[in-house]
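# Structural description and commentary
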Amino acid sequence: MPPKKVASFGSKVAVNLEGKYQNGKVFDTTENSVPFIFVVGEEDVPEGFSKAVDGLSEGETITVILTPEDGYGYR
């Protein structure tokens with residue numbers, strides 16, 4: 001069996017995600033759609049999201065809580 005791929009800065013990855021507010025309301029999801037594809041460490045995604053994905057193995061599932069500073073900032 002080949003080793004699982006591991007995400008690192010500069011890797012192009014596809015992730016399934018569900019973004020929720022603290023109250024549990026979903027604001028974004030890939031459920032019933034295509035995965036979110038991005039390059040880890042690129043500026044088009046929040047730094048905290050890239051850091052959370054960095055080092056994950058293919059198929060791994062995690063829960064991440066981002067502060068506004070690590071996400072899209074304060075509203």
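Note that the structure is predicted; figures quoted are calculated from it, not measured. (Residues numbered from 1 in each chain as written. Predicted model: local features only at pLDDT ≥ 70, side-chain atom pairs only at ≥ 80, totals over all residues. Heavy atoms only, no water.)

### Re the side chain of Ser-11
- You can see Ser-11 is positioned in the segment before strand S1 (12-15).
- The exposure class assigned to Ser-11 is buried, which follows from its relative accessible area of 19%.
- Excluding its chain neighbours within four sequence positions, the residues that come into contact with Ser-11 are Val-6, Phe-38, Val-39 and Val-40. (Helix = DSSP H or I, 4+ residues; strand = E, 2+ residues; numbered from the N terminus. Buried < 20%, exposed > 50% of the residue type's maximum accessible area, 1.4 Å probe, protein only. Contact = heavy atoms within 4.5 Å.)

### Remarks on the packing of aromatic side chains
- Taken as a whole and assessed by the stated rule, the structure comprises four aromatic pairs.
- A ring pair is formed by Tyr-21 and Phe-27, whose centres lie 4.9 Å apart and whose planes are at 45°; its orientation type is tilted.
- Note on Tyr-21: relative accessible area 48%, which makes it partly exposed.
- Here the aromatic rings of Phe-38 and Phe-49 are separated by 5.3 Å at their centres, their planes lie at 50°, and the arrangement is tilted. (Phe/Tyr/Trp six-rings, centres within 6.5 Å; stacked < 30°, edge-to-face > 60°.)

### Focus: the layout of surface pockets
- Each pocket or cavity is described by its volume, and for the largest pocket that value is around 1700 Å³.
- Lining the largest pocket are 41 residues, with Leu-17, Glu-18, Gly-19, Phe-49 and Leu-66 positioned closest to its centre.
- For the lining of the largest pocket, the secondary structure elements donating two or more residues are S1, strand S2 (18-20), strand S3 (26-29) and helix H1 (47-53).
- The element best represented in the lining of the largest pocket is S1, accounting for four residues. (1 Å grid on protein atoms, 1.4 Å probe; cavity = no way out; pocket = protein on both sides within 12 Å on 5 of 7 lines; lining within 4 Å. Points joined across faces, edges and corners; volume = space filled by probe spheres on them.)

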